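Descriptive structure summary
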Amino acid sequence: MNPASPNAELVVTGIGQAFTGRPATTPGGDDPTLDRSTFRPELLSGVTLAAGGGRILYLGPEAGLERAVDTRAAETIEAEGRLVTPGLIDAHTHLVFAGRRHEEYALRCLGASYQEIAASGGGIRASTRAFREADLDTLLACSRLRLDALLALGTTTVEIKGGYGLATEQELKALTVAGTLAREGYQRVTATFLGAHAVPDDYQGRQDAYVDLVVEEMLPAVAEQGIARFCDVFCETGYFSVAESERILEAGRAHGLAPKIHSDEFEAIGGTELAARLGAVSADHLTAVTDSGIRALAGSRTVGVLLPGTTIFLGKTDFAPARRMLEAGVAVALATDFNPGSSTFISLPLMTTLACSQMGLHPAEAVAGVTAVAARALGLEGETGRLEPGLAADLVLWEADDYRMIPYAAGHPLVNRVVIAGRTVYTQAKGICR
Ligand code: NIG
Ligand code: FE
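The following refers to the structure shown. Keep in mind the model is a prediction, meaning the values are calculated, not measured.

1. Description of the site of ligand 1
Surveying the vicinity of ligand 1 reveals 15 residues, the closest of which are Y114, Y164, E265, D337 and S342. Residue Y164 places a side-chain N or O atom 2.6 Å away from an oxygen atom belonging to ligand 1. Here an oxygen atom of ligand 1 and a side-chain polar atom of S342 are 2.5 Å apart. Alone, ligand 1 offers 330 Å² of accessible surface; in the complex the protein occludes 100% of this. Looking at the shell around ligand 1 residue by residue, the classes come out as four nonpolar, eight polar and three charged.

Quick look at the structure:
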């Protein structure tokens, strides 16, 4: 052993398959279905991973381990041939909310649309009334329970949007909750300011005044609070126009918040093109995206974050045209959109199933969409989302030996162990049925 080698704190041996989230360096392989995938994944078999100081130190053949790291103080986990992937990244959630909207769900099952319910005072505004009444401790306790549930499904990084307060103090309250969760270290949490999620009851008929409030009062306060990393807008008919979105996102940027957008969820009004023009980190939903929106994204660094759970939960079939987007060269991530109104789904593995079965993604594209590409949708590609020395040791061991089992085994609890920054934070041994 080289005495100057870094100290490993964790060693995972006997990995059956490592899906690293990187592209394969050698063409070919034995899976002909990959010929139609835009992503040919690097898959390593029989490898060992070592982590120390929260980072991946080594990933390669067991024979090279002792030369690369000092393993004397390391805890060793025997993977017994399991699949290991990067920790999953949910790049779009509204996880800090109060109350629930099951009555609306029942109305939708009987045929009412999301927009009709919103127009009659339900929807986001209903959640705002509940959120304003909720105290910090209740919001924190509920959010912790939700994060725990996500963890058991393999999610190690979660983006959390505000957007149910819709008043300055209330949006600061939402971000305080997100900031506390981030500090507690349940999972990696990134916070997004979404003051322009809807016009609240107290500003109905005064849309301009509400946009002024977002720009002139909320954004400076949010920037001073220092928790949010992104500024998002719901750019949609009945919510915020392209011009209003641009004003808000530019103001956010001036306050140091990188732009994100909800665009083309129901109608294409130009939000996706705006995202590309502004160099937004992501444009999300895209169910109604046009060819012009796809071209704009393909020519930009903006990641398309697709939310198939929302389509299903709203009782619709108009999934975002993921295949066309990938083939045009758009970077496609998948997320849950977890929220009380349009998607109560919390499972990223289930999102990969929907993406493969309903949107024509190859399992390789889908698993990359909840790991490496999702990291880009949060500007975290230098930090997490791939199994690569130097990046955070965020990983999932699966009760499976092949990455295609993640979308295939829809709904089964396949997570065996979750590691965040080199620390095991969840275990549930069940065994692999080969
Ligand atoms: O992403 N589209 C806007 N916002 C959420 C819905 C939030 C809600 O209905 O509470 C979404 O689907
Ligand atoms: Fe959303």
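Okay, back to it.
2. Here's the deal with the sheet that holds strand β3 (residues 41–44)
The strands that make up a sheet are held in pairs by hydrogen bonds between backbone atoms, and each pair lies either parallel or antiparallel. With mixed pairing, the six strands of this open sheet are ordered in space as β3-β2-β7-β16-β17-β18. Every other strand in the sheet has two partners, leaving β3 and β18 (423–427) as the edge strands with one partner each. Looking at each pair of strands side by side, their axes are set apart by 25° on average, direction ignored. Of the strand pairs in this sheet, strand β17 (residues 415–420) and β18 are connected by four bridges, and their pairing is antiparallel. Counterpart to I420 in the pairing with β18 is R423.

3. Overview of the pattern of salt bridges
Inspection of the entire model under this criterion finds 26 salt bridges. Close ionic contact of E216 with R247 constitutes a salt bridge, the shortest N to O distance being 3.6 Å. Of this pair, E216 sits in helix α7 (residues 207–225) while R247 sits in helix α8 (residues 242–254), and the two are 31 residues apart along the sequence. R247 sits in the partly exposed class, given a relative accessible area of 35%. Here D291 ties to R324 by a salt bridge, and the two come within 2.6 Å at their closest N and O atoms. Here R324 lies in helix α12 (residues 322–328) and D291 lies in helix α10 (residues 291–298), a separation of 33 residues in the sequence. Residue R324 is classed as partly exposed on the basis of its relative accessible area of 44%. Taken together, the salt bridges that share partners define one network made up of R22, E42, R386 and E388.

4. Overview of the coordination of the iron ion (ligand 2)
For the iron ion (ligand 2), the full set of protein donor atoms is H92 (NE2), H94 (NE2), H262 (NE2) and D337 (OD), and the range of their distances to it is 2.0 to 2.5 Å. Coordination of the iron ion (ligand 2) draws on donor residues from a single chain, spaced H-x1-H-x167-H-x74-D in sequence. Here H94 is found in the loop between β8 (88–90) and α2 (102–109), whereas its partner H262 is found in strand β12 (residues 258–263), with 168 residues between them in sequence. No difference in accessibility class separates H94 from H262, as the two residues are buried.

What counts and how
Residues numbered from 1 in each chain as written. Chains lettered and ligands numbered in written order. Predicted model: local features only at pLDDT ≥ 70, side-chain atom pairs only at ≥ 80, totals over all residues. Heavy atoms only, no water. Near = heavy atom within 4 Å. Polar contact = N/O pair within 3.5 Å; in protein donor to acceptor, adjacent residues only side chain to side chain. Areas by Shrake-Rupley, 256 points an atom, 1.4 Å probe, with all protein chains shown as cover. Nonpolar A, V, L, I, M, F, W, Y, C, P; charged D, E, K, R; others polar. Pairing = 2+ DSSP bridges. Helix = DSSP H or I, 4+ residues; strand = E, 2+ residues; numbered from the N terminus. Axes fitted to C-alpha atoms, helices over the stretch in contact; angles between N-to-C directions. Salt bridge = Lys/Arg side-chain N within 4 Å of Asp/Glu carboxyl O. Buried < 20%, exposed > 50% of the residue type's maximum accessible area, 1.4 Å probe, protein only. Donors = N, O, S within 2.8 Å, 3.2 Å for Na, K, Ca; no water.

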